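Below are the chains, spelled out letter by letter.
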Amino acid sequence: MRVVIIGAGVAGCVMARRLSLLDGAEVTCLERVSADDHSQAGTGLNIGPNAVKALRAVDPELTERITKASFPWRNWRISLTDGTVLFDLPLYEVAEGPGWRIRWSELYRVLREAAGASVSYGCEITTISRDAADPRKTRVAWMQGGKQFRLDGVDLLIAGDGRYSSVRRTMSGEVAVRQVGVAISRVLVPDMSNGLIDDYEQWFNGPNRLLSFRVPPNHIYIACAFPIPPQADIPQHLKTAEALRAAYTPPHGAPSAQARWMIDTVCANVHDTHWARMQEHDILYRAADSNVLYLGDAAHGMVPTLGQGATQAIEDAANAAALIARRHGDGQRNVADWLKDIEALRKERLRFVMEFSLEATDTMLAGADPVKGTRQKTGAPFRNRLAALYRNVGPLLERTEEEMRQ
Ligand SMILES: Cc1cc2nc3c(=O)[nH]c(=O)nc-3n(C[C@H](O)[C@H](O)[C@H](O)COP(=O)(O)OP(=O)(O)OC[C@H]3O[C@@H](n4cnc5c(N)ncnc54)[C@H](O)[C@@H]3O)c2cc1C
């Protein structure tokens with residue numbers, strides 16, 4: 001069985017490592033960047049407890065490696081920038097264990113090392129098409145180190161190539177993107193906070209929100225967000241230190257010690273700040289008439305409010321890997337059937353995660369009342385949905401973990 005994975009990101013690496021263990025599987029993972037790429041070094045990720053649970057069910061060793069490279073995410077606190085606490089939730093109340101806090105580049109390092117020799121780096125894909133002999137299969141050609149390579153008769157093509165997936169565009173058409181109307185910036189700095197910042201926290205001043213947490217080795221990640229008109233680019237004058245200071249300084253009274261440190265740090269690092277707009281795109285797990293599976297951001301794009309992008313990429317990969325390993329082990333080799341079953345496992349779950357992430361963004365939109373909106377999040381309806389988010393990783397993974405324990 002010939003498997004090609006495009007992209008050695010979060011979902012691609014988990015799949016490459018797990019599928020390489022299948023008897024008779026030839027797995028080739030093609031990654032665009034070089035092996036020592038550090039393009040995501042300036043971003044910290046908080047990864048939900050649901051990803052930890054999902055990955056542990058299929059790959060406990062990899063789960064431990066990521067745990068070693070991260071800090072545990074145990075608590076979620078939301079305050080105003082004047083220090084008033086609105087929401088303070090120990091995650092054990094809604095999850096079975098902690099999540100992870102990790103640098104994005106460090107997560108890639110661990111995942112890529114774990115995926116090992118199945119990944120080829122510095123690959124430029126030149127062709128993705130249906131195979132001439134069997135249209136369910138695909139054909140992939142690429143350039144690497146100035147040489148041309150090609151694989152025909154690919155039984156399963158997996159798109160793990162992220163948010164602007166060229167595989168999805170080629171095989172299933174353009175992806176419509178919806179802008180939500182929030183600008184986000186991110187910066188990673190050495191920890192000079194003297195202990196002010198550690199676990200995951202958010203601070204509001206009106207709908208303008210700061211988010212911060214500490215990641216290994218000793219850095220602090222800060223993300224700023226504020227409303228913008230949905231279809232507009234982020235205006236240049238809002239990307240300045242003066243505008244950011246005004247956005248987060250409380251109108252009455254002084255900022256808390258935490259907020260003051262973050263505002264000063266954000267303003268001092270404004271030239272190293274990356275900017276993006278919050279957006280989402282529709283769910284698609286498989287191509288209509290060929291054996292192409294979309295995973296992670298290639299399959300869905302959600303707003304980052306609940307930290308579920310990489311989290312769901314891991315949940316996707318864990319579910320897909322578990323299903324394929326099971327079917328393959330049972331001698332069921334109809335790839336089209338595997339893909340239908342993976343879609344059935346994931347689609348409703350992703351609808352829930354995307355809708356919940358969007359609803360949780362209510363306090364960040366123009367005109368929002370973050371005090372009222374955040375206090376509502378302390379109630380049972382929000383907590384119950386959070387528990388469903390962090391606990392329900394799917395029946396197949398529950399069964400897989402149960403079997404592993406026996
Ligand atoms: C600023 C920011 C903050 C975020 N914070 C969080 C967070 O706190 N928690 C969270 O869970 N998620 C977060 N996310 C989202 C998360 O990073 C993504 O959802 C996640 O990385 C998606 O994983 P993936 O495997 O689908 O794709 P990616 O991890 O994006 O991997 C895609 C891979 O494919 C490669 N690739 C792309 N095109 C090609 C090609 N043509 N040929 C070969 N290779 C290709 C890329 O180089 C990359 O290695 C954040 C995202 C951003 C931008």
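Everything numeric here is computed off the predicted structure, so don't read it as measured data.

**Q** Give a detailed account of the environment of Ile-283, specifying residues and quantitative values.
**A** Its location among the elements puts Ile-283 in the loop between β17 (274–281) and β18 (292–294). Judged by its relative accessible area of 17%, Ile-283 falls in the buried class. The spacing of Ile-283 and Ala-299 is 16 residues in sequence and 5.5 Å in space, taken between C-alpha atoms. Those residues in contact with Ile-283 that sit more than four places away from it in its chain are Arg-168, Ala-299, His-300, Lys-347, Leu-350, Arg-351 and Met-354.

**Q** So what's going on with the packing of aromatic side chains? Residues and values would help.
**A** Scanning the entire structure with this criterion turns up 13 aromatic pairs. An angle of 25 degrees between the planes, with centres 5.7 Å apart, marks the rings of Phe-352 and Phe-356 as stacked. Here Phe-356 and Phe-352 lie together in helix α9 (residues 335–359), a separation of 4 residues that amounts to about one turn. For Phe-352, a relative accessible area of 21% corresponds to the partly exposed category. Under the relative-accessibility criterion, Phe-356 is labelled buried at 2%. Among the aromatic side chains, those forming a connected cluster through ring pairs are Trp-73, Trp-76, Phe-87, Tyr-200, Phe-213, Tyr-221, Phe-352, Phe-356, Phe-382 and Tyr-390. Directly above the ring of Tyr-108 sits Arg-112, whose terminal nitrogen or CZ lies 4.3 Å from the centroid. It is Lys-377 that lies over the ring of Phe-382; its NZ or CZ is 5.8 Å from the centre.

**Q** Which residues make up the site of the ligand, and what values go with them?
**A** Neighbouring residues of the ligand: 32 residues in total, closest Ala-11, Glu-31, Asn-46, Tyr-108 and Asp-297. Contact distances for the ligand include 2.7 Å between an oxygen atom and a side-chain N or O atom of Tyr-108. The contact in question runs from an oxygen atom of the ligand to an N or O atom on the backbone of Ala-310, over 2.9 Å. Contact with the protein chains hides 87% of the accessible area of the ligand, taken as 1000 Å² for the molecule alone. For the shell around the ligand, the leading source of residues is helix α8 (residues 309–329), giving 4 residues. The class makeup of the residues in the shell around the ligand is 14 nonpolar, 12 polar and 6 charged.

**Q** Go over the pairing of strand β6 (residues 85–90) with me, naming the residues and quoting the values.
**A** Bridge count for strand β5 (residues 75–80) against β6 is 5 bridges, and the pairing is antiparallel. Residue Asn-75 lies in a different strand from β6, and its bridge partner there is Pro-90. Linking β5 to β6, which pair antiparallel, is a turn of 4 residues; within it Gly-83 sits at a positive phi near 105 degrees.

**Q** Requested: an account of the environment of Ala-176, with residues and values cited.
**A** Along the chain, the position of Ala-176 falls in the loop between α5 (166–172) and β13 (177–190). A residue is classified by how much of its surface remains accessible, and Ala-176, at 55% relative accessible area, is exposed. Between the C-alpha atoms of Ala-176 and His-281, which are 105 residues apart in sequence, the distance is 6.1 Å. Once you skip the residues sitting within four places of it in the chain, Ala-176 turns out to touch Glu-280, His-281 and Asp-282.

**Q** Just give me the short version of the sheet that holds strand β11 (residues 147–154), but keep the residues and values in it.
**A** Pairing in this open sheet of 3 strands is antiparallel, and the strands run β9-β10-β11 from one edge to the other. One side of each edge strand has no neighbouring strand; the edge strands of this open sheet are β9 (123–130) and β11. Within the sheet, the average angular offset between the axes of one strand and its neighbour, ignoring direction, is 15 degrees.

**Q** Please give an account of the state of the cysteines that cites residues and values.
**A** As enumerated under the stated definition, the model contains 0 disulfides in all. Summary of cysteine pairing: Cys-29 is not part of a disulfide, and the nearest cysteine sulfur, belonging to Cys-13, is at 5.9 Å. The thiol of Cys-123 is not disulfide-bonded; the next cysteine sulfur, from Cys-29, is found 8.7 Å away. The exposure class assigned to Cys-123 is buried, which follows from its relative accessible area of 4%.

**Q** Lay out helix α7 (residues 257–268) with the relevant residues and their values.
**A** Helix length check: α7 (12 residues) gives 16 Å between terminal C-alpha atoms against 16 Å at 1.5 Å per residue, within 8%. Within α7 the residues assigned to the buried category are Gln-258, Ala-259, Trp-261, Met-262, Ile-263, Thr-265, Val-266 and Cys-267. Packing partners of the buried residues in α7 comprise β5, β13, β14 (201–205), β15 (208–215), β16 (219–227) and α6 (241–248).

**Q** Lay out the packing of helix α1 (residues 10–19) against helix α4 (residues 104–115) in plain terms, naming residues and giving numbers.
**A** For the pair α1 and α4, the least separation of the axes is 8 Å and the interaxial angle reads 25 degrees. With respect to each other, α1 and α4 are oriented roughly parallel. Between α1 and α4 lies a crossing of left-handed hand. Facing Val-10, Cys-13, Val-14, Ala-16 and Arg-17 of α1, the residues of α4 in contact are Leu-107, Tyr-108, Leu-111, Arg-112, Ala-114 and Ala-115.

Conventions we followed
Residues numbered from 1 in each chain as written. Predicted model: local features only at pLDDT ≥ 70, side-chain atom pairs only at ≥ 80, totals over all residues. Heavy atoms only, no water. Helix = DSSP H or I, 4+ residues; strand = E, 2+ residues; numbered from the N terminus. Buried < 20%, exposed > 50% of the residue type's maximum accessible area, 1.4 Å probe, protein only. Contact = heavy atoms within 4.5 Å. Phe/Tyr/Trp six-rings, centres within 6.5 Å; stacked < 30°, edge-to-face > 60°. Lys NZ or Arg CZ within 6 Å of the ring centre and 35° of its normal. Near = heavy atom within 4 Å. Polar contact = N/O pair within 3.5 Å; in protein donor to acceptor, adjacent residues only side chain to side chain. Areas by Shrake-Rupley, 256 points an atom, 1.4 Å probe, with all protein chains shown as cover. Nonpolar A, V, L, I, M, F, W, Y, C, P; charged D, E, K, R; others polar. Pairing = 2+ DSSP bridges. Axes fitted to C-alpha atoms, helices over the stretch in contact; angles between N-to-C directions. Disulfide = S-S within 2.5 Å. Expected span 1.5 Å × (residues − 1). Parallel < 35°, antiparallel > 145°, perpendicular 65-115°, else oblique. Left-handed = near helix turned anticlockwise from the far one by under 90°.

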